Amino acid sequence: MPLPDLMDISYYFEQAGVGLGREETFKIFLALKNLVDTHTLQNVRFWGKVFGTVKNYIVAEVEYREGAEDDEVEEEEVEEKVQEEEEEDEKNEEEDLPKTDYKPPPKIPKEENGTGCNKKTYFVCNEPGTEWIKLPPVDPAEIVCARQLKKFFTGDLSAPVISYPPFPGLEMNYLRAQIARISAATHISPIDYFKFEEDDDDDSDGEGRDSYTINVEFEPLPVYELVDPSLNNWVHHMQHILPQGRCQWVNPTLKTENEEFDEDEEEEENEDPDEPQQEEGPPLLTMINQDSDVDGLPAWSAARSSDLIPAYSVAVLKSNTWPGACTFGFDKKFENVYIGFGHKYSSENYSPPPPPPVFEEYLTDLEVTEVLIRL
Amino acid sequence: MNSEGLTLSIEYLASTGILLSTEQKAALQTSLVMLQNAQKFHEVHFWGKIVGIKESYFIASGIGKGNELQDRKFLYSQDCMKWCMLPILADSRAQMCRSLSGRFIGDPTYEYEYIDVKVVGEGEEAEEETNTVLVKEEDRLAAVIDEIDKEVHIVPRGAYVKTATAKIVTNRSFEGLNNLDCKKLCSYFHFRNTPNTDNIKLLAKATLDQSIDFWSTLNTIAEGCWHFTLKEEVADHPQKSPLARILILPRPLEQKKIR
């Protein structure tokens, strides 16, 4: 049954003081049911609500059934090919102009659907009951840029994101990038709930572990252990996003075979002085106490939902890096949700990065400087 | 939010993520009434919640029989049962507290270090003298609440009137703003003790009502700070004007329900 029991989950969140009110949650429940009925989905989860200035976004996290997503993606690819052919005609006209030496940094390819940052697909709608719109898969460049921005969402997916550094996309891409960052940082589960499949011998370096299964023998921890301030009973089950913007590192300077034949002569002259170093992040299923501190304080705040009746209280974890992200744990149930503006916490006010320094036109040597000669 | 209708009124803000758990609502229902009786307040308002790392603070304000604006005392609690009065700070102390940044810890006795750098001497002899002052979290809480209140506490036009004796009282015949006025910035006032500082042309001033328009409207801050959303609440009373939810940037967690 792909549809979760949202009312049950929201009951636990209500005890934690997190949620959207019963009526709105029920409307979201019905909207999720609508989503399940119109698409072939394996899993649906209510991811959370992102507030915007004019309208809000309700986000659903979805996992397609194997093969079902490819059918939907094929239709989109046909449209893209037509556009590429038109662009080639324009390039032939520009051959007479001088060409610059500048080579833009190599584009880092985005991850395949179903892996890394694009493991899950996200649907958004403005109000429960309006149409669910599918968000495009996230690009590493978008994540790298989103890390340097702090913009409020307006509620319109096709609104431009006017910022410095210029964001390569519209608000739907910015939203998708923020969702990816929040999921990677704040989706946690009790330890041993998920475990790695044991026959992964070829990826024994620990690099390629990106899949896990539900542990059938999971024994739920009592609430006082889940709320333990050492935070060693919770793990991340979403992969960490590397500084590159992907979950799996890719060397951007590796050239394909076609390109190597053309550029053999140039390679000797222009070799990259630094081979890009492989970026590593914490592996999957690391404990949350490994998360870096915020202002010297722990990244997560754990508390019981009720001190008056501790026997039936729920363990509540709130993130301090992404205010608005909350997790509850009770018996065998746990769930993550995000209700907020989609911004990371920072104790200082946001200021955009300064523009890069102005390029030097020419070297200022003695030979080149102009000297006044009085005759 | 008035403590009398708290459990009902807080539902209106639910879709903006502001929620109190059932336990907190039950505790507030009883403790605010007890607070009102014990401290002999005319009214008790639930101001809100400030979330700290370890614990959260629940803030209430008790209003005496006098002027609602002047006669306000703020109290805080961590478990919604036991309330403590917040100190009233001197200006210099409040200034120190405002420059502290970072999250609240949740322990009212926690001490922050405020480092005051003074330049002593003139010209070449100038030396920097650092003076470390310890500021308690309780004081910081009082300063922050004061600051938030000054910037963000707004009321619709007509909700308060100034009587002939210059006393500011709630307008009992206020029926709410209609659909058109709901979304205008000029139909809301800042609830603070400063006179109307708007730049209004003389002709417009003639149309103002002295008993209602004595505070500055929301036009004073740069545009883009305030955002309105209207939410239709069909279930309750179809004749009532829709609920206006006002979102304030840069303090986005403050939401005001205006009927």
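Cut-off values and rules
Residues numbered from 1 in each chain as written. Chains lettered and ligands numbered in written order. Predicted model: local features only at pLDDT ≥ 70, side-chain atom pairs only at ≥ 80, totals over all residues. Heavy atoms only, no water. Helix = DSSP H or I, 4+ residues; strand = E, 2+ residues; numbered from the N terminus. Buried < 20%, exposed > 50% of the residue type's maximum accessible area, 1.4 Å probe, protein only. Contact = heavy atoms within 4.5 Å. Areas by Shrake-Rupley, 256 points an atom, 1.4 Å probe, with all protein chains shown as cover. Buried area = accessible area lost by both parts, 1.4 Å probe. Salt bridge = Lys/Arg side-chain N within 4 Å of Asp/Glu carboxyl O. Pairing = 2+ DSSP bridges. Expected span 1.5 Å × (residues − 1). Phe/Tyr/Trp six-rings, centres within 6.5 Å; stacked < 30°, edge-to-face > 60°. Lys NZ or Arg CZ within 6 Å of the ring centre and 35° of its normal. Axes fitted to C-alpha atoms, helices over the stretch in contact; angles between N-to-C directions. pLDDT = per-residue confidence, 0-100. Parallel < 35°, antiparallel > 145°, perpendicular 65-115°, else oblique. Left-handed = near helix turned anticlockwise from the far one by under 90°. Nonpolar A, V, L, I, M, F, W, Y, C, P; charged D, E, K, R; others polar.

## Some words on the overall build of chain A
Helices and strands together make up the secondary structure of chain A, namely 8 helices and 12 strands. Across the 375 residues that make up chain A, the buried fraction comes to 42%. Looking at chain A alone, contacts between residues at least 24 apart form 66% of all its contacts between residues at least 6 apart. Accessible surface, chain A: about 23200 Å² in total, of which carbon and sulfur atoms supply 50%.

## Quick word on the interface of chain A and chain B
Counting residues at the interface gives 28 residues for chain A, matched by 22 residues for chain B. Buried surface at the junction of chain A and chain B, both sides included, amounts to about 2000 Å², of which 57% is carbon and sulfur. On the chain A side of the contact with chain B, T53, L297 and F341 of chain A bury the most area, a combined 22% of that side's loss. Between chain A and chain B we count 0 salt bridges in total.

## Remarks on the sheet that holds strand β4 (residues 133–134) of chain A
Residues and elements named next belong to chain A. Taking strand neighbours across the sheet as the criterion, the 8 strands line up as β4-β3-β2-β1-β12-β11-β10-β9 in an open arrangement whose pairing is mixed. Since the sheet does not close on itself, it has two edges, and those belong to β4 and β9 (300–304), each with one partner. The pairing of strand β2 (residues 57–64) with strand β3 (residues 121–125) spans 5 bridges and is antiparallel. Bridging from a neighbouring strand, A60 pairs with F123 of β3.

## A few points about the environment of R304 of chain A
Residues and elements named next belong to chain A. Tracing the sequence through the fold places R304 in strand β9. Exposure remark for R304: the relative accessible area of 32% places this residue in the partly exposed category. In this structure, the C-alpha to C-alpha distance between R304 and I182, residues 122 residues apart in sequence, is 23 Å. If we skip the residues at most four places from it in the chain, R304 touches V223, Y224, V227, P310, S313 and V314.

## So, helix α5 (residues 171–186) of chain A
The first and last C-alpha atoms of α5 of chain A sit 22 Å apart over 16 residues, in line with the 22 Å expected at 1.5 Å per residue. For α5 of chain A, a buried count of 14 out of 16 residues is recorded, marking the element as mostly surrounded by other parts of the structure.

## With respect to the packing of aromatic side chains
Under the defined criterion, the tally for this structure stands at 22 aromatic pairs over all chains. Ring centres of Y193 of chain A and F194 of chain A lie 5.0 Å apart, and the angle between their planes is 90°; this geometry places the pair in the edge-to-face category. Counting every residue linked through ring pairs, the aromatic cluster contains Y11, Y12, F13, F328 and F330 of chain A. Lying over the aromatic face of Y212 of chain A, K119 of chain A brings its terminal NZ or CZ to 4.5 Å of the ring centre. In this structure, R140 of chain B is placed above the aromatic ring of Y112 of chain B, and the distance from its NZ or CZ to the ring centre is 4.9 Å.

## A look at the sheet that holds strand β4 (residues 84–85) of chain B
Residues and elements named next belong to chain B. Read across the sheet, 4 strands follow the order β1-β2-β3-β4 without closing on themselves; strand pairing throughout is antiparallel. Of all the strands in the sheet, the pair left with one neighbour each is β1 (43–51) and β4. Taken together, the 2 bridges between strand β3 (residues 72–77) and β4 define a ladder with antiparallel strand orientation. Its bridge partner lying in β4, Y76 is registered against C84. Strand contacts of helix α2 (residues 22–39): β1, β2 (56–63), β3 and β4, with the helix running at about 130° to β1, the strand carrying the most contacts. Packed on one face of the sheet, helix α4 (residues 137–152) meets β1, β2 and β3 and runs near 110° to β1.

## Here's the deal with the pattern of salt bridges
Residue and element names in this part refer to chain B. By the definition in use, this model includes 13 salt bridges over all chains. One salt bridge connects K25 with E11, and the closest N-O pair in it is separated by 3.3 Å. With K25 in helix α2 and E11 in helix α1 (residues 6–12), the pair connects residues that are 14 residues apart, well separated along the chain. The exposure class of K25 is buried, given its relative accessible area of 14%. Judged by relative accessible area, which is 36%, E11 ranks as partly exposed. Across the salt bridge formed by R72 and D149, the nearest N and O atoms sit 2.7 Å from each other. Of this pair, R72 sits in strand β3 while D149 is found in helix α4, placing the two residues 77 residues apart along the sequence.

## Some words on the environment of G52 of chain B
All names here are of chain B. Mapping G52 onto the fold places it in the loop between β1 and β2. You can call G52 buried: its relative accessible area is 8%. Separated by 55 residues in the primary sequence, G52 and D107 place their C-alpha atoms 8.5 Å from one another. Aside from chain neighbours lying at most four places away, what touches G52 is R103, F104 and I105.

## Some thoughts on the pairing of β2 of chain B
Successive side chains on a regular strand alternate, one facing one side of the sheet and the next facing the other. Residues and elements named next belong to chain B. Judged by how many residues are buried, β2 sits mostly within the fold: 8 of 8 residues are covered. Side-chain alternation along β2 places S56, F58, A60 and G62 on one buried face and Y57, I59, S61 and I63 on a second face that is also buried. When β1 meets β2, the two strands line up antiparallel, connected through 8 bridges. Residue pairing in the sheet places I50 in a bridge with Y57 of β2. Following β1, the chain reverses through 4 residues before pairing antiparallel with β2. For β2 and β3, the ladder comprises 6 bridges, and the chain directions are antiparallel. Along β3, the bridge assignment pairs A60 with L75.

## Some words on the confidence of the model for chain B
Residue and element names in this part refer to chain B. This prediction gives chain B a mean pLDDT of 76; 80% of its residues lie at or above 70. A low-confidence stretch, residues 233–259 stays under pLDDT 50, and its non-local contacts, those more than four residues away or across chains, total 89 contacts. Taken together, the chains of this predicted complex give a pTM of 0.83 and an interface ipTM of 0.82.

## Quick word on the packing of helix α3 (residues 91–98) of chain B against α4 of chain B
A pair of packed helices is characterised by two quantities: the angle between their axes and the separation of those axes. All names here are of chain B. Put simply, α3 and α4 touch, their axes get as near as 9 Å, and they point 90° apart. The angle between α3 and α4 falls in the class roughly perpendicular. Here R93, A94, C97 and R98 of α3 lie close against α4, whose contacting residues are D139, R140, A143 and E147.

## Thoughts on the packing of helix α1 (residues 6–15) of chain A against helix α2 (residues 22–38) of chain A
Residue and element names in this part refer to chain A. At their nearest, the axes of α1 and α2 sit 10 Å apart, and the two run at 150° to each other. On the basis of the axis angle, α1 is roughly antiparallel to α2. Here α1 runs over α2; the crossing is right-handed. Facing L6, M7, S10 and E14 of α1, the residues of α2 in contact are R22, T25, F26, I28, F29 and L32. For the contact of α1 with α2, the class distribution of residues is 6 nonpolar, 2 polar and 2 charged.

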